[in-house]
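# Reading the structure
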Amino acid sequence: AKSVCKLLNAEPQTGELIFTDVDKTDDCYEYIYTACAMGLMIGKTNDEFRPEEFIEVNDALKVMITALGYKDKAETNGGYPVGYAVTAAEIGISSGVSGNYMTKAMLAKLIYNTMRTQIAIYEITGSDYELKKDKTLLAQYHNIEFGEGLVTANSRSGIKTTAPAGKSYVTINDRQFIITDISQRDLLGYRVEYYAYENSDGDFELVFALPKKTDAV
């Protein structure tokens, strides 16, 4: 419950839960209440949530599919659990997730896959499904975009025909990003995987950039 609330940048709320096995003094109470109120999670029975049980893979996939907005698609694919598993495979969030129960490593992989996946703003006409919005969960709820590209300039110099990017900037794929760590200037010539935060001025701050193995120009 806490993981999906954090993914959606949802502030934990308080209210009355019907579950007899979740006490208001529990650390997870507000997160469980919030996830249930948002329609992301349900109990194992009408009056039991069973928070101490291992998380089933099918349940975790259903939560993430619902968070991304693909619930209707999953229901048209057959409903729980098969339809959600099929939909998860189609949109790529179940890569690296298998078996009956979640491990910490699989949860981390599922969160990673989910945050990089497009949210579903769609129309369904008959059997047709059309994605209407090209925006990831990270972009929608955290103003963070991710991508890959070649760093062609920093504040001191550029490669090929690229001019220096200016103080406190690097250029990736012909776009300028504000550096948040001086070491990011040393990525010049490297192809990187990057994450950038869109600030209130509409500029992108490079919060993380990692060279792609030994791929450098």
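Check the entry above for the structure.
This structure is a prediction, so every number in the text was calculated from the model and none was measured.

## Structural notes on the overall build of the chain
Secondary structure summary: the chain contains seven helices and seven strands in total. Start at the N end of the chain and walk to the C end: the helices and strands fall as α-α-α-α-α-α-β-β-α-β-β-β-β-β. Buried residues in the chain amount to 37% of all 217 residues. As presented, the chain carries roughly 12,400 Å² of accessible surface, and 49% of it is formed by carbon and sulfur atoms.

## Let's talk about the environment of Ala67
Residue position: Ala67 is located in helix H3 (residues 57-68). Taking relative accessible area as the criterion, Ala67 reaches 10% and is therefore assigned buried. When residues no more than four places from it in sequence are discounted, the contact partners of Ala67 are Val4, Leu8 and Leu40.

## Describing the nonpolar core
Membership of the largest hydrophobic core comes to 40 residues, with the highest contact counts inside it found for Val4 and Leu110. Elements represented by at least two residues in this core include exactly helix H1 (2-7), helix H2 (29-37), H3, helix H5 (82-91), helix H6 (104-115) and helix H7 (137-142). Looking at this core element by element, the count peaks at eight residues for H3. Discounting residues that sit within four places of it in the chain, Val4 has contacts with Ala35, Leu40, Val63, Met64 and Ala67.

## Regarding the packing of aromatic side chains
With the rule as written, the count across this model stands at seven aromatic pairs. In this structure an aromatic cluster arises from ring pairing among Phe146, Tyr195 and Phe208. Taking the ring centre of Tyr80 as reference, the NZ or CZ of Lys62 above it sits at 5.2 Å. Positioned above the aromatic ring of Phe204 is the side chain of Arg175, whose terminal nitrogen or guanidinium carbon lies 5.1 Å from the ring centre.

## As for the packing of H3 against H6
If you want to describe how two helices pack, look at the angle between their axes and the distance between the axes. It is at 11 Å that the axes of H3 and H6 come closest, and there the two elements cross at 20 degrees. Between H3 and H6, the interaxial angle falls into the category roughly parallel. For the crossing formed where H3 meets H6, the hand is right-handed. Of the residues in H6, those in contact with Val57, Ala60, Leu61, Met64 and Leu68 of H3 are Met106, Leu110, Ile111 and Thr114.

## Brief notes about the pattern of salt bridges
Any two side chains of opposite charge can pair, so long as their charged atoms come close to each other. Here the structure, examined in full by the defined rule, presents ten salt bridges. In this structure, the salt-bridge partner of Glu56 is Lys44, at a minimum N-O distance of 3.4 Å. Taken as a pair, Glu56 in the loop between H2 and H3 and Lys44 in the loop between H2 and H3 lie far apart in primary sequence, twelve residues in all. Taking the relative accessible area as the measure of exposure, Glu56 reaches 27% and is therefore partly exposed. A relative accessible area of 35% means that Lys44 is categorised as partly exposed.

## Regarding the pairing of strand E5 (residues 175-179)
The sheet contact formed by strand E4 (residues 169-172) and E5 spans four bridges and is antiparallel. Counterpart to Tyr169 in the pairing with E5 is Ile178. Adjacent in sequence and paired antiparallel, E4 and E5 are bridged by two residues, among which Asn173 carries a positive phi angle near 50 degrees.

## A look at the packing of H3 against H5
Relative to each other, H3 and H5 sit at 60 degrees, their axes nearing to 9 Å. On the basis of the axis angle, H3 is oblique to H5. Crossing handedness for the pair H3 and H5: left-handed. When H3 is examined against H5, the residues Leu61, Lys62, Ile65, Thr66 and Leu68 are found in contact with a partner set consisting of Tyr84, Ala85, Thr87, Ala88 and Ile91. Residue composition of the contact of H3 with H5, by class: seven nonpolar, two polar and one charged.

Here is what the cut-offs are and how they apply
- Residues numbered from 1 in each chain as written.
- Predicted model: local features only at pLDDT ≥ 70, side-chain atom pairs only at ≥ 80, totals over all residues.
- Heavy atoms only, no water.
- Helix = DSSP H or I, 4+ residues; strand = E, 2+ residues; numbered from the N terminus.
- Buried < 20%, exposed > 50% of the residue type's maximum accessible area, 1.4 Å probe, protein only.
- Areas by Shrake-Rupley, 256 points an atom, 1.4 Å probe, with all protein chains shown as cover.
- Contact = heavy atoms within 4.5 Å.
- Core = buried A, V, L, I, M, F, W, Y, C linked by side-chain atoms within 4.5 Å.
- Phe/Tyr/Trp six-rings, centres within 6.5 Å; stacked < 30°, edge-to-face > 60°.
- Lys NZ or Arg CZ within 6 Å of the ring centre and 35° of its normal.
- Axes fitted to C-alpha atoms, helices over the stretch in contact; angles between N-to-C directions.
- Parallel < 35°, antiparallel > 145°, perpendicular 65-115°, else oblique.
- Left-handed = near helix turned anticlockwise from the far one by under 90°.
- Salt bridge = Lys/Arg side-chain N within 4 Å of Asp/Glu carboxyl O.
- Pairing = 2+ DSSP bridges.
- Nonpolar A, V, L, I, M, F, W, Y, C, P; charged D, E, K, R; others polar.

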